[in-house]
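# An overview of the molecular structure
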Amino acid sequence: MEPRQQGLLETEPLREVDEDMVSEVDLNNSVTDEEREEMTNELIKLEEEIATLRQVLASKEKRHSDLKQKLGITPLSELRQNFTRSWNDMQSSTVYKKTSETLSTAGQKTSAAFNNLGTAITRKFGDMRNSPSFKSFEEKVETTVSTIKSKVSPGAGGNFEEVLSSAANASSQDTPTNNLSEAGERPC
């Protein structure tokens, strides 16, 4: 047989006798009665000190509240002051300054882009106004207006309804239209 090794790690499993010894150890007996009494007294003193500190804190909180009330400091004014302080702190931060600069640059570039777009649209409208189809439309409108003016003038003797119907007839002769059936329906 091998000799039994002594130390922390034993190679042999526990025997029943060892298990019985472990179960008989009373952990509460590790403190003497005198030590137990000292600990109990210390615990009582700590609980008394905690109660006293709670009373002192409550008294100081009441005094704090009374002073605020006398000074006119309300929760709303405190909130406003905290908000103002936080806003000022945020505005002085480098992140805010960089973001503000970036947004300012983006706004300037956007404004320039809209300005260029407006210029381009104006130029396109100018080109469209000079086109032959717009000129033709403009001439038809001028003709219709002059016809209406001549028929409405005092020497013509016509009333306004006759002028409108004659203008409508004149413009319908210039543009093609669909013929309507007697029932008022469009042909399919």
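The following refers to the structure shown. (Residues numbered from 1 in each chain as written. Predicted model: local features only at pLDDT ≥ 70, side-chain atom pairs only at ≥ 80, totals over all residues. Heavy atoms only, no water.)

## A closer look at the overall build of the chain
Of the regular secondary structure elements, the chain holds six helices and zero strands. Listing the helices and strands of the chain from first to last along the sequence gives α-α-α-α-α-α. Looking at the chain residue by residue over its 188 residues, the buried ones come to 2%. Within the structure as shown, the chain displays about 17,600 Å² of accessible surface, and the carbon and sulfur contribution to it stands at 57%. (Helix = DSSP H or I, 4+ residues; strand = E, 2+ residues; numbered from the N terminus. Buried < 20%, exposed > 50% of the residue type's maximum accessible area, 1.4 Å probe, protein only. Areas by Shrake-Rupley, 256 points an atom, 1.4 Å probe, with all protein chains shown as cover.)

## Some remarks on the packing of aromatic side chains
Considering all chains together, one arrives at one aromatic pair under this definition. Plain terms: the ring middles of Trp87 and Tyr96 are 6.2 Å apart, the flat faces sit at 70° to each other, and that makes the pair edge-to-face. With relative accessibility at 30%, the residue Tyr96 sits in the partly exposed group. (Phe/Tyr/Trp six-rings, centres within 6.5 Å; stacked < 30°, edge-to-face > 60°.)

## Details of a negative patch on the surface
Taken together, the side chains of Asp33, Glu34, Glu35, Glu37, Glu38 and Glu42 make up a negatively charged region of the molecular surface. Along the chain, Glu35 turns up in helix α2 (residues 33–71). (Patch = residues over 30% accessible without salt bridge, like charges linked within 9 Å, V, L, I, M, F, W, Y side chains within 5 Å. Salt bridge = Lys/Arg side-chain N within 4 Å of Asp/Glu carboxyl O. Lys, Arg positive; Asp, Glu negative; His and termini not counted. Charge placed at Lys NZ, Arg CZ, Asp CG, Glu CD.)

## Side note on the pattern of salt bridges
Applying the stated rule across the entire model yields three salt bridges. Between Asp66 and Lys62 there is a salt bridge, with its nearest N and O atoms 3.6 Å apart. Of this pair, Asp66 and Lys62 both sit in helix α2, four residues apart, which is roughly one turn of that helix. Accessibility expressed as a relative area gives 54% for Lys62, which makes it exposed.

## A word on the environment of Phe134
With respect to the element layout, Phe134 can be found in helix α5 (residues 132–152). According to the relative accessible area criterion, Phe134 is partly exposed, its value standing at 26%. Ignoring any residue separated from it by four or fewer positions in sequence, one finds Phe134 in contact with Met128 and Arg129. (Contact = heavy atoms within 4.5 Å.)

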